[in-house]
Amino acid sequence: MSKPRVVITGMGIISPLGTGLSINWSNITAGVSGIRKVSRFDATGYPSRIAGEIPDFEPEQFFPSKDARKMDRFIQLGMVAGMEAFTDAGLDIDRQNAERIGVYIGSGIGGMESIERYSYVLRDKGPRRVSPFYVPMSIINMISGNLSIRYGLKGPNLSMVTACSTATHAIGEASRLIEYGDADVMIAGGAEAAITPTAMAGFGNAKALSRRNDEPEFASRPWDLERDGFVMGEGAGVVVLEELAHARDRGATIYAELSGFGMSADAHHMTSPLPDGEGACRCMNNALHNAGLNPDDVDYVNAHGTSTPQGDIAETLATRSALGHHADKVAVSSTKSMTGHLLGAAGGIEAIYTIMAIHKQIAPPTINLRSQDPACNLDFIPNAAREMCIRAAISNSFGFGGTNGSLVFKQYR
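Since the structure is predicted, the reported quantities are computational estimates derived from the model, not experimental observations.

Novice: Account for the pattern of salt bridges, with residues named and values stated.
Specialist: Evaluated as defined, the whole model comprises 19 salt bridges. Ionic pairing is found between Arg5 and Glu257, a salt bridge with its closest N-O pair at 2.8 Å. Separated by 252 residues along the polypeptide, Arg5 in the segment before β1 (6-15) and Glu257 in strand β9 (residues 256-265) bring together distant segments of the chain. For Arg5, a relative accessible area of 34% puts it in the partly exposed group. Overall, the relative accessible area of 5% leaves Glu257 in the buried class. Put simply, Glu242 and Arg250 hold a salt bridge, and the shortest N to O gap is 2.7 Å. The buried category is assigned to Glu242, whose relative accessible area is 0%.

Novice: I'd like a rundown of helix α10 (residues 309-323), residues and numbers included.
Specialist: Taking 1.5 Å as the rise per residue, α10 with 15 residues should run 21 Å; its terminal C-alpha atoms sit 22 Å apart, in good agreement. Where α10 is concerned, the buried positions are Gly311, Asp312, Ala314, Glu315, Thr316, Ala318, Thr319, Ala322 and Leu323. In this structure, the buried side of α10 is in contact with α9 (278-291), β10 (300-302) and β14 (392-399). Where α10 ends, the next residue or the one after it, Gly324, has phi of about 60°, a positive value.

Novice: I'd like to hear about unusual backbone geometry, residue by residue, with values.
Specialist: Located in the positive-phi region is Trp223, a residue other than glycine, with phi close to 70°. One can find Trp223 in the loop between α7 (197-205) and β8 (235-243). The backbone of Gln361 sits at a positive phi, close to 60°, despite the residue not being glycine. By the secondary structure assignment, Gln361 is in the loop between α12 (346-360) and β12 (362-363).

Novice: Break down α9 for me, citing the residues and quoting the values.
Specialist: A rise of 1.5 Å per residue sets the reference length of α9, with its 14 residues, at 20 Å; its end C-alpha atoms lie 20 Å apart and thus fit the reference within 8%. Taken together, the buried positions of α9 are Gly279, Ala280, Cys281, Cys283, Met284, Ala287, Leu288 and Ala291. Where α9 terminates, the next one or two residues include Gly292, which has phi positive at roughly 70°.

Quick notes on the rules
The residue count restarts for each chain, going from 1 along the sequence in the order it is written. For a predicted model such as this one, the threshold for reporting local features is a pLDDT of at least 70, and the threshold for listing and counting side-chain atom pairs is 80 or more; totals across whole chains, interfaces and linings nevertheless cover every residue. As a rule here, side-chain values come from all non-hydrogen atoms in the structure, and water together with hydrogens is ignored. Basic side-chain nitrogens of Lys or Arg form a salt bridge, by our definition, when they fall within 4 Å of a carboxyl oxygen of Asp or Glu. Strands are runs of DSSP state E lasting at least two residues, helices are runs of H or I lasting at least four, and both sets are numbered from the N terminus onward. The buried label goes to any residue with under 20% of its type's maximum accessible area, the exposed label to any with over 50%, and the partly exposed label to all in between, with areas taken from a 1.4 Å probe on protein chains only. Expected span of a helix, by definition, is 1.5 Å for each gap between consecutive residues, and there is one gap fewer than residues. Two residues qualify as a contact provided that any one of their heavy atoms is within 4.5 Å of a heavy atom in the partner residue.

Below is the structure:
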């Protein structure tokens with residue numbers, strides 16, 4: 001028996017390229033960089049002093065001040081994206097459907113900003129000055145919790161933590177809840193706000209971040225010979241997944257179909273991928289098998305593409321292994337060249353860019369690709385978006401601990 005079909009009926013996004021789907025799509029296809037010098041704290045003396053910060057974000061524009069103060073920044077960002085996705089989907093909650101609509105939103109790190117801040121408060125002012133909201137403002141499942149409360153959603157209420165694969169896994173697992181009959185609609189994705197002193201110091205001292213501090217806009221350069229590490233970003237990407245018949249019955253707009261989801265483990269190293277990309281290859285193969293598609297059905301890949309020396313080569317090899325001879329005919333891009341790496345939120349915003357690529361038949365570019373590494377020998381859509389036929393596309397996310405996730409989207413027919 002065939003599995004139920006799951007479609008995307010709503011999307012919400014906040015990223016270094018702006019707040020909202022329209023401005024994000026406009027900027028990502030125009031090749032705009034969202035990378036700037038860090039302004040959220042004094043980064044003097046840090047190995048990397050650049051990041052993809054969200055421009056002009058004021059939480060009071062979206063929440064009452066008293067509510068905003070009870071949320072860490074990552075929750076605020078996840079809520080903003082979730083609220084946009086909910087509105088975009090045109091959902092109407094009533095007694096009959098509330099139990100069939102759920103939330104599945106995660107974060108790779110969670111409330112690091114609040115953890116840092118209240119550690120100082122505890123040290124300097126004592127235990128009585130720590131906020132009674134400290135725990136709920138920091139824990140990762142509170143985006144799902146707050147969205148559920150805001151809209152009265154009584155279906156599955158879950159979260160996910162798998163490092164940089166978080167949002168991809170959340171979307172994939174949420175689709176399976178619909179396939180299994182546990183829900184008709186799931187709001188799923190990821191959020192991250194880790195541009196904080198300890199996170200930037202930790203990643204920087206691990207030599208993971210780009211040190212191109214004098215040229216922020218050119219620092220994230222996947223597949224390029226001069227790449228020297230990823231750039232930290234922040235934001236959230238959330239989609240509304242819906243069982244096809246349910247979406248059609250209510251006349252919802254359908255952007256694309258989520259036809260496949262795959263997972264795998266490298267079982268190799270805490271932070272480094274398998275050099276030959278074998279784990280990532282298995283992940284893509286699993287997703288294609290789940291989708292019932294062949295490699296030659298794929299026209300576009302939104303790559304994990306972090307701009308790290310090892311990771312980019314491993315993903316290139318994985319893509320070639322997974323797609324075989326067809327790999328030379330597939331367009332591949334890394335939108336992280338513009339947004340930086342949003343860690344647990346990356347898979348959410350990149351799923352949205354992939355869905356929009358199918359919906360609009362435009363593949364986003366990889367910017368800053370000036371001298372392509374010969375070891376990275378695919379068509380990476382250098383520096384300018386491309387109008388093209390996109391029947392099906394893969395969105396990849398690979399995380400610390402060797403965890404991998406791939407989503408396959410295709411045109412809705």
